[in-house]
Amino acid sequence: MATTNLQKQDRYDKAYLRMAHEWAKLSHCSRKKVGAIIVKDGIIISDGYNGTPSGFDNCCENEEGETQWYVLHAEANAILKLSRSHNSGHGSTLYITLSPCKECSKLVLQAGITRVIFTKGYKDSAGIDFLKDAGIEVKMIEDITD
C-alpha cells in the first residue's frame, strides 16, 4: 500500500521531534532541558536548546533551583541563530520538545514560522493560543516512536 503525503509528513515530524529531543540533551539546565529544530524545505536551517547567553556561566538555576531570568529558551536560541545566518524562517517548521511560552510565540510569529510541532505542553497555553489565533499550524505529537 502506498504511503500517503499525510503519513509521510507524520513520519518526518516524528523524526525531527526525535532530533529535537537529542538536541535538548545538550542543555546545561538541570530543571528542564528543551531542544528546538527549525526545518525549511526538508533542510534543517537552525537548532537550539535552552541555556545561558554566550559568555555566561552554564548554570541555569539559582541556589533555590529556580531558572535564572536570563536563560534563553530553545526556540529563542534557534531563531536568534537563524537571524545570524543567510536563511529565512519564512515558511519553516519549528520542532520543539516543549510548546512555546507567550514571549517566544511572538518571536516564532515574527520569524515567519508557519508550523509548530511539539511533544509536551508548556505550563500555560497562552503561547499556543496566540499562534493558533495568528493562523500558524500547531500540532502536539506525544508519541514520537516510529
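Structure shown above.
As the structure is a prediction and not an experimental result, all values here were calculated from the model.

Parameters at a glance
- Residues numbered from 1 in each chain as written.
- Predicted model: local features only at pLDDT ≥ 70, side-chain atom pairs only at ≥ 80, totals over all residues.
- Heavy atoms only, no water.
- Buried < 20%, exposed > 50% of the residue type's maximum accessible area, 1.4 Å probe, protein only.
- Helix = DSSP H or I, 4+ residues; strand = E, 2+ residues; numbered from the N terminus.
- Contact = heavy atoms within 4.5 Å.
- Core = buried A, V, L, I, M, F, W, Y, C linked by side-chain atoms within 4.5 Å.
- Pairing = 2+ DSSP bridges.
- Right-handed = clockwise from strand over helix to strand, strands pointing away.
- Salt bridge = Lys/Arg side-chain N within 4 Å of Asp/Glu carboxyl O.

Q: Is there a simple way to think about helix H2 (residues 74-83) in this case?
A: Because each turn of an α-helix spans 3.6 residues, side chains separated by three or four positions end up pointing in the same direction. Within the span of H2, buried status applies to Ala 74, Glu 75, Ala 76, Ala 78, Ile 79 and Leu 82. Where H2 is buried, its residues touch strand S1 (35-40), strand S2 (43-49), strand S3 (93-98) and helix H3 (102-110).

Q: Mind showing me how you'd approach the nonpolar core here?
A: By size, the foremost hydrophobic cluster in this structure holds 20 residues, and its most contacted members are Ile 38, Leu 94, Ile 96, Val 108, Ile 113, Val 116 and Leu 131. Among the secondary structure elements, those contributing two or more residues to this core are S1, H2, S3, strand S4 (115-120) and helix H4 (126-133). Sort the elements by how many residues they give to this core and H2 lands first, with four residues. Residues in contact with Val 116, not counting those within four places in the same chain, are Leu 94, Ile 96, Pro 100, Val 108, Leu 131, Ile 136, Glu 137, Val 138 and Lys 139. In this structure, Ala 20, Ile 37, Tyr 95 and Ile 141 belong to the second largest nonpolar core, which totals nine residues.

Q: Would you mind showing me how to read the pairing of strand S5 (residues 137-140) here?
A: Look at any regular strand and the pattern is simple: side chains alternate between the two faces of the sheet. As judged from the four bridges shared by S4 and S5, these two strands associate in the parallel manner. Of the residues in S5, the one forming a bridge with Val 116 is Val 138. Chirality of the crossover, the property in question, places the unit of S4, H4 and S5 among those that are right-handed.

Q: Any chance you could explain the pattern of salt bridges here in plain terms?
A: A pair can form between side chains of opposite charge whenever their charged atoms are brought close. Within the structure shown, the criterion is met by eight salt bridges. Between Lys 25 and Glu 22 there is a salt bridge whose closest N-O contact spans 2.8 Å. Judged by its relative accessible area of 56%, Lys 25 is exposed. Taken together, the salt bridges that share partners define one network made up of Asp 10, Asp 13, Lys 14, Arg 115, Glu 137 and Lys 139.

Q: How should the pairing of S4 be read in this particular structure?
A: With five of six residues buried, S4 is to be regarded as a mostly interior element. With five bridges connecting them, S3 and S4 associate as parallel partners. The partner of Thr 93 across the bridge, within S4, is Arg 115. Chirality of the crossover, the property in question, places the unit of S3, H3 and S4 among those that are right-handed.

Q: How should I be thinking about unusual backbone geometry in this particular structure?
A: Excluding glycine, residues mostly carry a negative phi; peptide bonds, for their part, are mostly trans. Phi angles above zero are rare outside glycine, and Asp 41 is one such case at about 50°. As for its placement among the helices and strands, Asp 41 is situated in the loop between S1 and S2. Judged by relative accessible area, which is 72%, Asp 41 ranks as exposed.

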